[in-house]
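Letter by letter, the chains look like this.
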Amino acid sequence: MLWLSQRQAIWIQLLTVLAVVYFGAFMRASTHLDELVREGRLQQALAEYPAALEAGGGKIDPTLVRGCLQLRHLNQGNPTSRAPACEGGANNCKLARQLARHYDQSATVTGDSSVPMKFLRGGSGHAVVNLDTTDGRAAPMVLDTGSVATILPSTLRDLAEAELAQTRVSNLGRIVPLTLVRAAPLLFGDTRLGAWVAAISGSGFEREGVLGLDVLHALGGFNLSSDDESARFLRGQCPLNQTTPLSLDKGAPVAIVLIDGKVHRAMIDTGSVRSFVFSPSATSGVIRVRSDFGAASLRATERASSILIAGHSRSANLIHVARIDHFYSGTTALIGLDVLLAGGGMGLCVEPMRFWLD
C-alpha cells in the first residue's frame, strides 16, 4: 500500500520521474492533455506533449515537463516517445531527461506476457508474482496499482547498476525516503523488461517488492483469476464490454464507488489487502495496520459495509478512518484486495484505463 506525497517541493518532484503526475491549472495548451490523461489515454497525451512544452513564448512549465516525463516512464518501449524540448539550457529539463536516458528502450517488454502465471497470496496477504533475474534468482513482487513506482525487494538491491536520485513517498501519514536507481533487466514469465528506473528502500520490503503501475502499464494491464489463482498480462488486449472507466488522477487509478449508500472517489489499490473509507465520526478506537513501510496506528473503527463497484455488489469489513489526510489526495476511499478478489477475480486494462470484476 503506497501513497505518493502531495507535499513534496516541485524541485524534488522534478527529479522523480516516478512521482505523482500532477496536472493543475497551467498553460492553456495543457487543458486538452489534462483531459486525455484523466480519461486514461496516456499514449495519446504523450504524443501531444512536446508541442505543448514549446508553447507560451518558449517558456517551459516545470510541472508540464514532469508530467511529460512521467508519461514517458509509463510508456517505455514506445519508439515514438520524444524527450521534452528544453530551450535555454533549463536545468529542470536536463535532469528529467537524464533520468529518462537510463531506460533500455530498445529491449523493453519482449516475449509473450499473455501466458498465464501463477499468483500467490504472499506472506502479507498480497497478490504476488515471481520476478526473475538474468542470473537465475527469483523474488516475489506485489501487483500494486496504488504505486507508480516499481520497488525492488531487499534481496535484489544488488540489481541497482547506478544510483540516480533521492525522493520521498507518503504512506499512512509518514514520509519515507526512496532511492531511484537504474536496475538490471527483469523477467516475468516469458516477458523481459530491459533496464528500468526502479526504486529501493532503506526499510521494509524484506520479503516482497512492488510491481508498480509503471510496469503494469508497460505490460498492457493485467487480469487476476481467483478461481485458478492465475495472473495474465494483457498486452493491451482489453475486454472493453462491461468495464468501468478509471481516471488517472494525479498518477493513481480512481473510480466512483458506492459505500453504504454514499458516493466516494476511491483509489483502486491492489497493493492493499484491506479496504478503507473516510468516516469523520470513526474516532472511537485505534486500529493498527501494516504497510510496506511497517505498522501504523489509525484512529478508526472496523465494521461491515456494502460496496457497489464496477456493477457488482460486495460486502466487506471496511476500516472506517477518521482522518482524510490518510487517503490519496482527492479521494475518500481505498478499495483493496478484500473487495477486488471477493468474487471470481478482477482486471485492469489501459488505453483507456478501465477495470472490471468477475
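This one's a predicted model, so the numbers in the text were calculated from it and none came from an experiment.

Enquirer: Report on the sheet that holds strand E22 (residues 345-349), specifying residues and quantitative values.
Expert: As summarised here, the arrangement of the six strands in space is E1-E12-E11-E22-E23-E13, forming an open sheet in which the pairing is antiparallel. The two strands at the open ends of the sheet, each matched to only one other strand, are strand E1 (117-118) and strand E13 (244-245). As judged from the two bridges shared by E1 and strand E12 (residues 230-233), these two strands associate in the antiparallel manner. Bridge pairing in E12 places Lys118 opposite Ser230.

Enquirer: A description of the nonpolar core should follow, citing residues and the corresponding values.
Expert: Ranked by size, the top nonpolar core spans 73 residues in total, and within it Phe188, Leu211, Leu224, Phe233, Ile309, Ile335 and Phe355 carry the most contacts. Listed in part, the twelve residues of the second largest apolar core include Val289, Phe327, Tyr328 and Leu334.

Enquirer: I'd like a description of the pattern of salt bridges, backed by residues and values.
Expert: Enumeration according to the criterion identifies eight salt bridges in this entry. Taking the shortest distance from any N to any O, the salt bridge between Arg41 and Glu39 comes out at 3.2 Å. Arg41 gets classed as partly exposed once you look at its relative accessible area, which sits at 33%. In this structure, Lys118 engages Glu229 in a salt bridge whose closest nitrogen and oxygen atoms are separated by 4.0 Å. Placement of Lys118 in strand E1 and of Glu229 in the loop between strand E11 (222-225) and E12 is noted, with a sequence separation of 111 residues between them. According to the relative accessible area criterion, Glu229 is partly exposed, its value standing at 31%. What emerges from the salt-bridge pattern is a single network uniting Asp135, Arg137 and Asp158.

Enquirer: Lay out the pairing of strand E16 (residues 262-268) with the relevant residues and their values.
Expert: One ladder, built from six bridges, connects strand E15 (residues 252-259) with E16; its direction is antiparallel. Residue pairing for E16: Ala255 is matched across the bridge by Ala266. In sequence, E15 turns back onto E16 through a hairpin of two residues, with Asp260 there showing a positive phi of about 50 degrees. Note: E16 against strand E21 (residues 333-335), three bridges, orientation parallel. Bridge pairing in E21 places Met267 opposite Leu334.

Enquirer: Describe the environment of Glu48, with residues and values.
Expert: Tracing the backbone shows Glu48 in helix H3 (residues 42-53). For Glu48, a relative accessible area of 30% translates into the label partly exposed. On a C-alpha basis, the gap between Glu48 and His32 in space is 9.4 Å, while along the polypeptide they are 16 residues apart. If we ignore the near neighbours within four places in the chain, the residues touching Glu48 are His32, Leu33 and Leu36.

Rules used in this analysis
Residues numbered from 1 in each chain as written. Predicted model: local features only at pLDDT ≥ 70, side-chain atom pairs only at ≥ 80, totals over all residues. Heavy atoms only, no water. Pairing = 2+ DSSP bridges. Helix = DSSP H or I, 4+ residues; strand = E, 2+ residues; numbered from the N terminus. Core = buried A, V, L, I, M, F, W, Y, C linked by side-chain atoms within 4.5 Å. Buried < 20%, exposed > 50% of the residue type's maximum accessible area, 1.4 Å probe, protein only. Salt bridge = Lys/Arg side-chain N within 4 Å of Asp/Glu carboxyl O. Contact = heavy atoms within 4.5 Å.

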